[in-house]
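Results of the structural survey
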Amino acid sequence: PSSSRIFSGMQPTSDSLQLGNYLGALTQWVALQEGNEAIYCVVDLHALTVSPDPAVLRDRTRRTAAQYLAAGVDPERSLLFVQSHVPEHAELAWLLSCHTGFGEAGRMTQFKDKSGKQGSEGTTVGLFTYPVLMAADILLYDTNLVPVGEDQRQHLELTRDLAQRLNTRFGAGTVVVPEPHIVKSTAKIYDLQDPTAKMSKSAASPNGLIELLDDPKVIAKRIRSAVTDTEREIRFDPVNKAGISNLLTIYSALTGRSIPELEASFEGRGYGDLKVELAGVVVDWVTPYQERVHGYLADPASLDEILAAGADKARDIAAVTLDRLYERTGL
Ligand code: ADP
Ligand code: NA
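Residues numbered from 1 in each chain as written. Chains lettered and ligands numbered in written order. Predicted model: local features only at pLDDT ≥ 70, side-chain atom pairs only at ≥ 80, totals over all residues. Heavy atoms only, no water.

**A look at the overall build of the protein chain**
Cut-off, in case you're wondering: Each helix is a run of H or I in the DSSP string that is no shorter than four residues. Each strand is a run of E no shorter than two, and both are numbered from the N terminus. As a reference, a globule follows 2.2 Å times the number of residues to the power 0.38, and the radius of gyration itself is taken over C-alpha atoms. Under the scheme applied here, a residue whose accessible area is under 20% of the maximum for its type counts as buried, over 50% as exposed, and between as partly exposed, the area being computed with a 1.4 Å probe on protein chains only. Whether two residues are in contact is decided by their heavy atoms, any of which lying within 4.5 Å being enough. For the accessible areas, the method is Shrake-Rupley and the probe is 1.4 Å, while residue cover comes only from the protein chains on display. Counted as positive: Lys and Arg. Counted as negative: Asp and Glu. His and the chain ends are not counted at all. Here the site of a charge means atom NZ of a Lys, CZ of an Arg, CG of an Asp or CD of a Glu.
Looking only at helices and strands, the protein chain has 13 helices and five strands in total. Its C-alpha atoms give the protein chain a radius of gyration of 21 Å, within 12% of the compact-globule value 20 Å for 331 residues. Dimensions of the protein chain, computed from the C-alpha atoms along their principal axes, are close to 70 × 45 × 45 Å. When each of the 331 residues of the protein chain is scored for burial, the buried share is 49%. When contacts within the protein chain are restricted to residue pairs at least 6 apart in sequence, those whose partners lie at least 24 apart make up 76%. Roughly 15100 Å² of accessible area belongs to the protein chain as shown, and the carbon and sulfur atoms make up 52% of that amount. For the protein chain, the separation between the mean place of its 33 positive charges and that of its 43 negative charges on side chains is 4 Å.

Structure representation (structure tokens):
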């Protein structure tokens, strides 16, 4: 099997990643390092769309990188860097924005959701062009595969449309058309209090969220308080039993035990048993994860060195792609 170029990133918009980030994306990032050329980025330019405090943004950028490492991203095998350290991202985003339809960008559901909440004056042009910057991130590295959660599918479609458009306008081979890598079983982890909504760092209330750097006691309590249903049977049925199905998904993903095996082991037992056992599983996994994160954060010089080395190598790749695009588009 030939090696693929992998690219993905997360926004440093919170002190802690949440369990959906880990199960939907990070575990795939780690798995894809094997036998591929993987590039993982902390997308701080994207985080500017929510107007962060400068010191908070800088701190969260480091914390996000430390969490990639703690999850198993290996800087010996993969490139790990911060988006704003590679100016080619912003340069390519401008070029791509001149090939993106205004209506096309306006159809992005994430923009409609977020701008709906912020109102027209609170919504920036940066939030509108966010998916174009994301397309630039991906196309800059001639990416074949993009491991993300389900919520990014529409942005990936836009990226593919833009790539095909550039290849039509400027000749075959102008850019590589990427494929999403979305693992169905963990593509969407749901909020514990509202199991119809995705778990998100930017959730209105933290009660349904498993923040990976939170006190394990708080994490356990949130799992024990998860919203379920009025039946008694522990059965995987996302339509009728969204809460229980979400808990089973999380349990299965963290332990490698299949859903049917879990259903069998909980036969005749109550929801309370499932919650208590799952809380134990999550706490046992998250405790060493937190220790690793704090280890990386305790040595910021080494962390910055890893990020600087990653940015150097990323720039070498990005510069070649951008040269090719400038040349083909008449710049
Ligand atoms: P958030 O919504 O928590 O701010 P980001 O937008 O930074 O997360 O997304 C980082 C990555 O995590 C993306 O690949 C996204 O698809 C994935 N992701 C986010 N939330 C979930 C979830 N609830 N389930 C699965 N994957 C998720
Ligand atoms: Na998201």
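**Quick look at unusual backbone geometry**
Not every positive phi belongs to a glycine, and Ser 51 is a case in point at roughly 45 degrees. Structurally, Ser 51 is set in the loop between helix 2 (44–47) and helix 3 (54–71). In the Ramachandran plot, Asp 142 falls in the positive-phi region, its phi being about 45 degrees despite a non-glycine side chain. On the secondary structure map, Asp 142 appears in the loop between helix 7 (125–139) and strand 4 (145–147).

**Thoughts on the site of ligand 1**
Cut-off, in case you're wondering: Note on terminology: near, applied to a residue and a molecule or strand, indicates that one of the residue's heavy atoms is within 4 Å of it. Pairing of N or O atoms within 3.5 Å defines a polar contact, subject to two protein rules: one partner must be a possible hydrogen donor and the other a possible acceptor, and residues neighboring in sequence count only if both atoms are side-chain atoms. Amino acid classes used here: Ala, Val, Leu, Ile, Met, Phe, Trp, Tyr, Cys and Pro are nonpolar; Asp, Glu, Lys and Arg are charged; the rest, including Gly, are polar.
Taken together, 19 residues surround ligand 1, and among them Gly 149, Asp 151, Ile 189, Lys 198 and Lys 201 come closest. One nitrogen or oxygen atom from the side chain of Gln 18 is found 2.9 Å from an oxygen atom belonging to ligand 1. A distance of 2.8 Å separates an oxygen atom of ligand 1 from a polar backbone atom of Gly 149. For ligand 1, whose unbound accessible area comes to 530 Å², protein coverage reaches 96%. Counting residues per element, the shell around ligand 1 draws most heavily on helix 1 (residues 19–32), at four residues. Of the residues assigned to the shell around ligand 1, the class counts are six nonpolar, nine polar and four charged.

**Observations concerning the packing of helix 4 (residues 88–97) against helix 7**
The line we're drawing: An axis is simply a line fitted to the C-alpha atoms; with a helix, the fit covers only the stretch in contact. Between two such axes, the angle follows the N-to-C directions and lies from 0 to 180 degrees. Note on terminology: angles under 35 degrees are roughly parallel, angles over 145 are roughly antiparallel, angles of 65 to 115 are roughly perpendicular, and the others are oblique. By definition, any crossing whose near helix is turned counterclockwise from its far helix by less than a right angle is left-handed, and any crossing with a clockwise turn is right-handed.
Taken N-terminus to C-terminus, the directions of helix 4 and helix 7 make an angle of 120 degrees; their axes are 8 Å apart at the nearest point. In this view, helix 4 runs oblique relative to helix 7, as classed from their interaxial angle. As for the relative orientation of helix 4 and helix 7, their crossing is right-handed in sense. Residues His 89, Leu 92, Ala 93, Leu 96 and Ser 97 of helix 4 pack against Val 132, Leu 133, Ala 135, Ala 136, Asp 137 and Leu 139 of helix 7. Here the contact of helix 4 with helix 7 is built from residues that sort into eight nonpolar, two polar and one charged.

**Quick word on the side chain of Gln 28**
Along the chain, Gln 28 turns up in helix 1. Every residue in contact with Gln 28, bar those within four places of it in the chain, is listed here: Leu 23, Pro 147, His 181, Val 183 and Thr 186.

**Regarding the pairing of strand 1 (residues 5–10)**
What counts is decided by this rule: Two strands make a pair as long as DSSP finds a minimum of two bridges between them. Handedness of a crossover is defined as follows: orient the strands so they point away from the viewer, and if the path from the first strand over the helix to the second runs clockwise, the crossover is right-handed.
The buried count for strand 1 comes to five of six residues, which makes it a mostly enclosed element. Looking at chain direction, strand 1 and strand 2 (residues 37–42) are connected through six bridges and run parallel. Residue pairing across strands places Arg 5 opposite Glu 37, the latter belonging to strand 2. With helix 1 bridging strand 1 and the parallel strand 2, this β-α-β connection has right-handed handedness.

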